[in-house]
Structure formats: C-alpha cells, structure tokens
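Observations on the three-dimensional arrangement
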Amino acid sequence: MPATVSTSANITLVQLSGEFDFSSQEELKQVFDEALGATAPKIQIDMQKTIFIDSSVIRFLLKLHDTARKNKKSLSIINCNERIYEIFTIGGFDQVFDIQ
C-alpha cells in the first residue's frame, strides 16, 4: 500500500511511498483522517520513499497542517529526498511546514 499509518504513544507516522497526485486524493484523505483521529500529539509524514507529489498533495498537507494545529497536534515532514524537498522550497512551503 502506498500510504500507511502507524501510531505509538507519542507519534503517528504516515509513510508515503511512490507517486501521489490528484488521483490519490481519496487514499490521502483516508490516511490523513486516520492520522488526525489518533491520540498521539505528533504527526510525522515520512517521504523517504516518495517519488513525486503535485500541488493537490501540498493542498492536502496544508489542510492536514491546519486541522492538526486546531487539534493541538504538531505536524512535521521527514526524510524528503532532494526532488521532494525542492518542490516544497520552490513554492515557499518550507516556511510553512516543519521539514526535517
């Protein structure tokens, strides 16, 4: 499965593997809803195995970020490869997200 969720006491980890674009919206919605519903105070989006994201995925991440903050949860994006990190920086989203 290209998107999985696992939760420990402190962190809900969302792992994205492969390519994500407009056609991935339903899967991302389900995964992000699951992450928001977990009791852990931190959500991490692991993009180590992510090959491509488009603007629709960034839009989903922005919504997730807002909803997480409203629910008093932190959100960070971890393990971006150079290509994914460049997508975030070109759009200035590295100023919005905590990218580690």
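Definitions and limits used
Residues numbered from 1 in each chain as written. Predicted model: local features only at pLDDT ≥ 70, side-chain atom pairs only at ≥ 80, totals over all residues. Heavy atoms only, no water. Helix = DSSP H or I, 4+ residues; strand = E, 2+ residues; numbered from the N terminus. Contact = heavy atoms within 4.5 Å. Polar contact = N/O pair within 3.5 Å; in protein donor to acceptor, adjacent residues only side chain to side chain. Phe/Tyr/Trp six-rings, centres within 6.5 Å; stacked < 30°, edge-to-face > 60°. Lys NZ or Arg CZ within 6 Å of the ring centre and 35° of its normal.

A few points about the environment of Asp21
Secondary-structure assignment places Asp21 in the loop between β2 (11-20) and α1 (25-37). Note: C-alpha distance between Asp21 and Ser76 (55 residues apart in sequence) is 20 Å. Residues within four places of Asp21 in sequence aside, it is in contact with Phe52, Asp54, Ser56 and Val57. Side chain to side chain, Asp21 and Ser23 meet in a polar contact 2.5 Å long.

Brief notes about the packing of aromatic side chains
Taken as a whole, this structure holds two aromatic pairs when the rule is applied. Its end group placed over the ring of Phe60, Lys63 keeps NZ or CZ at 5.8 Å from the ring centre.

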